[in-house]
Number of protein chains: 2
Amino acid sequence: MSVPLDRNTGRGLAYELVERLKARILAGEIRPGEKLPTESSLIEEFGVSRTVVREAVSQLQAAGLVETFQGRGSFVLAVPASTAFTVEATQIRTHRDVLDMLDFRIGVESEAAGLAAERRTELQLKAVERALVDLTSPGGQPGNAVEADFRFHLKVALASGNRFYSDLLASFGPMMIMLPRTRLEHTYTVSDATHLTRVTLEHENVYRAIADRDGAAARAAMRLHLANSRARLQAP
Amino acid sequence: MSVPLDRNTGRGLAYELVERLKARILAGEIRPGEKLPTESSLIEEFGVSRTVVREAVSQLQAAGLVETFQGRGSFVLAVPASTAFTVEATQIRTHRDVLDMLDFRIGVESEAAGLAAERRTELQLKAVERALVDLTSPGGQPGNAVEADFRFHLKVALASGNRFYSDLLASFGPMMIMLPRTRLEHTYTVSDATHLTRVTLEHENVYRAIADRDGAAARAAMRLHLANSRARLQAP
DNA sequence: ATGCCTCACTCGTCTGACAAGTTTGATCCC
DNA sequence: GGGATCAAACTTGTCAGACGAGTGAGGCAT
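Keep in mind that what you see is a predicted model, and the values were worked out from it rather than measured.

Helices and strands together make up the secondary structure of chain A, namely ten helices and two strands. When the elements of chain A are put in sequence order from the N terminus, they spell out α-α-α-β-β-α-α-α-α-α-α-α. The buried share among the 236 residues of chain A stands at 44%. Sequence separation of at least 24 residues holds for 68% of the intrachain contacts in chain A that already meet a minimum separation of 6. Only carbon and sulfur atoms are counted for the fraction: they give 55% of the accessible area of chain A, which is about 11800 Å².

Moving on to the packing of helix H1 (residues 13-26) of chain A against helix H3 (residues 50-62) of chain A. Residue and element names in this part refer to chain A. Two numbers describe how H1 lies on H3: the axes approach to 8 Å, and their chain directions differ by 55°. Classified by the angle between their axes, H1 and H3 sit oblique to one another. When the axes of H1 and H3 are compared, the crossing they make is right-handed. The residues of H3 that touch H1, namely those facing Leu13, Ala14, Leu17, Val18, Leu21 and Lys22, are Val52, Val53, Glu55, Ala56, Gln59 and Leu60. Residues that form the contact of H1 with H3 fall into these classes: nine nonpolar, one polar and two charged.

Residues and elements named next belong to chain B. Among the structural elements, arginine 208 can be located in helix H9 (residues 193-211). Assessed through its relative accessible area of 44%, arginine 208 is described here as partly exposed. Sequence separation between arginine 208 and alanine 221 is 13 residues, and the spatial gap between their C-alpha atoms is 9.4 Å.

Chain-level statistics for chain A give a pLDDT mean of 80 and a share of 77% at 70 or above. Note on residues 81-90 of chain A: pLDDT is under 50 here. Beyond four places in sequence and across chains, it has five contacts.

Another point: the pattern of salt bridges. Following the criterion strictly, the structure yields 32 salt bridges over all chains and no others. The partner of arginine 213 of chain A in a salt bridge is glutamate 122 of chain A, with the nearest N and O atoms 3.7 Å apart. Of this pair, arginine 213 of chain A sits in the loop between helix H9 (193-211) and helix H10 (215-234) while glutamate 122 of chain A sits in helix H5 (residues 122-136), placing them 91 residues apart in sequence. Judged by its relative accessible area of 43%, arginine 213 of chain A is partly exposed. A salt bridge links arginine 50 of chain B to glutamate 39 of chain B; the nearest nitrogen and oxygen atoms lie 2.6 Å apart. Of this pair, arginine 50 of chain B sits in helix H3 (residues 50-62) while glutamate 39 of chain B sits in helix H2 (residues 39-46), placing them eleven residues apart in sequence. When its relative accessible area of 48% is taken as the criterion, arginine 50 of chain B is described as partly exposed. What you see here is one network of salt bridges that share partners, running through Glu39, Arg50 and Arg54 of chain A together with Glu55 of chain B.

Our focus in this paragraph is the packing of aromatic side chains. The description of an aromatic ring pair rests on the distance of the ring centres and on the angle between the ring planes. Going through the model one piece at a time under the given rule, you end up with six aromatic pairs over all chains. On the basis of an interplanar angle of 35° and a centroid distance of 5.8 Å, the ring pair of phenylalanine 104 of chain A and phenylalanine 164 of chain B is categorised as tilted. Of this pair, phenylalanine 104 of chain A sits in helix H4 (residues 95-119) while phenylalanine 164 of chain B sits in helix H7 (residues 163-172), each in a different chain. For the residue pair phenylalanine 104 of chain A and phenylalanine 164 of chain B, the accessibility class agrees, reading buried in each case. One aromatic cluster is present, formed by Phe104 of chain A together with Phe164 and Tyr165 of chain B through successive ring pairs.

With that settled, the discussion passes to the interface of chain A and chain B. Of the residues lining the interface, 31 residues belong to chain A; the matching set on chain B comes to 36 residues. Together, the buried faces of chain A and chain B total about 2900 Å²; carbon and sulfur atoms form 47% of this surface. Run the count over chain A and chain B and you get seven salt bridges. A salt bridge links arginine 54 of chain A to glutamate 55 of chain B; the shortest N-O distance between them is 2.7 Å. Inspection of the region where chain A meets chain B yields 17 residue pairs in polar contact (both at pLDDT 80 or more). Mapped by element, the contributors of at least two residues to the side of chain A that touches chain B are H3, H4, helix H7 (163-172) and H10 of chain A. By residue number, the principal contributor to the side of chain A that touches chain B is H4 of chain A, which donates twelve residues.

Time to look at the nonpolar core. Within the largest apolar cluster, 31 residues are counted, with the highest numbers of intra-cluster contacts made by Phe104 of chain A together with Phe104 of chain B. Within the residue set of this core, elements represented by two or more residues are H4, helix H6 (142-159) and H7 of chain A together with helix H4 (95-119), helix H6 (142-159) and H7 of chain B.

For a regular strand, the rule is simple: side chains alternate between the two faces of the sheet. Residues and elements named next belong to chain B. Bridge analysis of strand E1 (residues 66-69) against strand E2 (residues 73-76) gives four bridges, and the strand direction is antiparallel. In the sheet register, threonine 68 faces E2, and the bridge partner there is serine 74. Between E1 and E2, which pair antiparallel in sequence order, lie three residues; one of them, glycine 71, sits at a positive phi of approximately 85°.

Geometrically, a packed helix pair is captured by the angle between its two axes and the distance between the axes. Axis separation between H4 of chain A and H7 of chain B bottoms out at 8 Å; the angle between their running directions is 60°. As far as their axial angle goes, H7 of chain B and H4 of chain A are oblique. Taking contact as the criterion, the partners of Asp97, Asp100, Met101, Asp103, Phe104 and Gly107 of chain A in H4 of chain A are, on H7 of chain B, Arg163, Phe164, Tyr165 and Leu168 of chain B. When its residues are assigned to classes, the contact of H4 of chain A with H7 of chain B shows five nonpolar, one polar and four charged.

Working note: α-helix, 3.6 residues per turn, so residues spaced by three or four point in the same direction. The end-to-end C-alpha separation of H3 of chain B is 18 Å, in line with the 18 Å expected for 13 residues at 1.5 Å each. Looking at the packing, one finds that the buried side of H3 of chain B touches H3 of chain A together with helix H1 (13-26), H2, E1 and E2 of chain B. Phi turns positive, to about 80°, at glycine 64 of chain B, one or two residues after H3 of chain B.

Definitions and cut-offs
Residue positions are given per chain, counting from 1 as you read along its sequence in written order. Lettering for chains starts from A, numbering for ligands starts from 1, and both go in the order in which the items are written. In view of the model being predicted, local features appear only for residues whose pLDDT reaches at least 70, and side-chain atom pairs are presented and counted only at 80 or more, with totals across whole chains, interfaces and linings using the full set of residues. Hydrogens and water molecules were not included; the side-chain quantities draw on all heavy atoms of the structure. To qualify as a helix, a DSSP run of H or I must reach at least 4 residues; to qualify as a strand, a run of E must reach at least 2; elements of each kind are numbered from the N terminus. A 1.4 Å probe rolled over the protein chains alone gives each residue an accessible area, and that area as a share of the maximum for its type sets the label: buried under 20%, exposed over 50%, partly exposed in between. Contacts between residues were defined by any pair of non-hydrogen atoms, one from each residue, lying within 4.5 Å. Each accessible area is a Shrake-Rupley result for a 1.4 Å probe, and residues are judged covered by the shown protein chains and nothing else. Lines fitted to C-alpha atoms define the axes, with helix axes restricted to the stretch in contact, and inter-axis angles between N-to-C directions lie between 0 and 180 degrees. By the definition adopted for this analysis, an angle is roughly parallel if under 35 degrees, roughly antiparallel if over 145, roughly perpendicular if from 65 to 115, and oblique otherwise. Less than a right angle of anticlockwise turn of the near helix away from the far helix marks a crossing as left-handed, whereas a clockwise turn marks it as right-handed. Amino acid classes used here: Ala, Val, Leu, Ile, Met, Phe, Trp, Tyr, Cys and Pro are nonpolar; Asp, Glu, Lys and Arg are charged; the rest, including Gly, are polar. Looking at any residue, its pLDDT shows the predictor's confidence there, from 0 to 100. By definition, a salt bridge exists where a carboxyl oxygen of Asp or Glu is found within 4 Å of a side-chain nitrogen of Lys or Arg. The rule is short: rings of Phe, Tyr and Trp, with Trp giving its six-membered ring, pair when the centres are within 6.5 Å, and they are stacked under 30 degrees, edge-to-face over 60, tilted in between. When two components associate, each loses some accessible surface as probed by a 1.4 Å sphere; the sum of these losses over both components is called the buried area. A 3.5 Å cut-off defines polar contacts: any pair of N or O atoms within that distance qualifies, except that in protein one atom must be a possible hydrogen donor and the other a possible acceptor, and neighbouring residues in sequence count only when both atoms are side-chain atoms. Here, nonpolar core means buried Ala, Val, Leu, Ile, Met, Phe, Trp, Tyr and Cys residues that are tied together by side-chain atoms lying within 4.5 Å of each other. Strand pairing requires that DSSP identify at least two bridges connecting the strands. One less than the number of residues in a helix, times 1.5 Å, gives the span that helix is expected to have.

As structure tokens, then:
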């Protein structure tokens with residue numbers, strides 16, 4: 001272990017260190033969600049100064065490979081799926097991005113739900129209802145659940161009759177429900193029954209308000225649902 | 001010159017500096033091939049230590065925006081000029097599109113204003129204030145007014161600290177303020193003094209709520225402003 | 001058992017210093 | 001004058017030490 005850095009490549013020690021760490025991550029030696037060695041460890045292992053280590057980690061950060069938290073350390077993010085998943089998949093990576101996305105969805109979707117309640121047609125309501133049933137029926141795999149969740153939110157947006165809302169949600173795709181790999185496992189798979197019933201209840205509240213043509217209730221219900229989702233993630 | 005860095009964004013000084021420099025490059029203030037200010041200059045201009053400056057430049061390097069040579073300096077590379085949001089610049093043509101757009105903006109911008117009130121930094125508030133002044137000063141042509149109006153709304157979104165809001169507004173551009181040609185003359189140019197003062201007042205209300213850190217008031221003020229704009233168009 | 005609090009650990013920033021590469025300009029020689 | 005030479009100034013690269021700020025674990029009192 002711990003081969004010292006080659007000091008004669010002409011591109012700088014920080015560059016060398018970045019390459020080493022990148023290789024480790026891409027090779028899976030440090031898996032997504034795991035912690036990068038501390039700065040002190042890297043200083044010892046590679047025999048360089050803290051300046052170099054910090055610059056290297058800083059570049060990994062800029063490259064979207066790790067996310068750093070003061071007082072805790074740097075954590076490896078999901079490896080950019082080389083299969084060209086979607087361009088947008090690279091947009092939500094860090095923990096902060098997820099929280100920001102939920103704040104964004106609060107603004108967009110609560111108003112969309114309100115408009116949906118006020119302007120929906122019977123047909124649109126039926127579509128929302130179908131999505132809700134798909135979501136609550138215990139039929140599918142976890143992957144299917146994300147898909148169904150997204151479809152419910154999309155149908156609500158469609159019921160608003162405003163193409164800007166529905167187009168925006170459609171452009172996000174199911175990705176908007178997805179969560180970062182870092183501590184996702186910890187918070188989402190631990191979804192005990194309590195979690196699921198609570199989320200289901202929140203969805204039903206949104207649906208009922210739309211069915212009742214109660215705009216204010218629909219806005220509140222959707223805001224509550226998303227704010228709760230955000231809270232469920234923020235302090236695991 | 002040289003506005004000092006905002007030390008309260010919670011993402012670190014280096015991050016702030018990166019954003020500043022990135023903005024300069026993207027805005028074309030430093031053209032491809034030109035030299036970035038030296039580290040010493042940046043230290044002086046932004047009042048930070050060399051550590052921060054070096055990390056920032058290092059990140060620009062990782063992002064592929066600059067290339068650095070020992071003993072010479074950092075030079076700006078070609079600009080990719082890509083926007084995060086791929087929301088197509090959907091044309092707003094029909095009268096209904098305009099109303100839908102305003103309904104959409106109600107959802108997006110009222111929440112953005114609320115978040116801005118709750119999370120803004122002093123620097124962001126100053127930016128909003130400047131935009132407001134530009135808007136109220138009777139200096140410019142009508143075209144300039146649209147531009148200034150847009151800038152105000154964008155600065156509010158930026159003050160939310162959530163890139164999804166600001167990216168979305170930025171992707172729309174001043175176009176989102178524009179109105180259909182059909183009855184534009186009728187509704188906007190006939191804008192007697194009453195109209196203008198009323199709109200100005202609405203903007204000021206938004207600003208004041210953000211300054212007071214009153215999230216609920218900011219949401220209400222922005223919603224009112226956009227709802228009024230909608231009403232001013234709906235039944236002229 | 002619970003809640004609070006201290007303390008060690010980690011990252012964020014600052015300061016000062018020296019090494020290594022580049023540019024500039026004065027100097028010297030022709 | 002023109003060209004080669006070289007020292008000094010400037011720029012980036014690296015090192016070392018220090019302190020502040022946020023986090024988390026373990027101990028302590030209740």
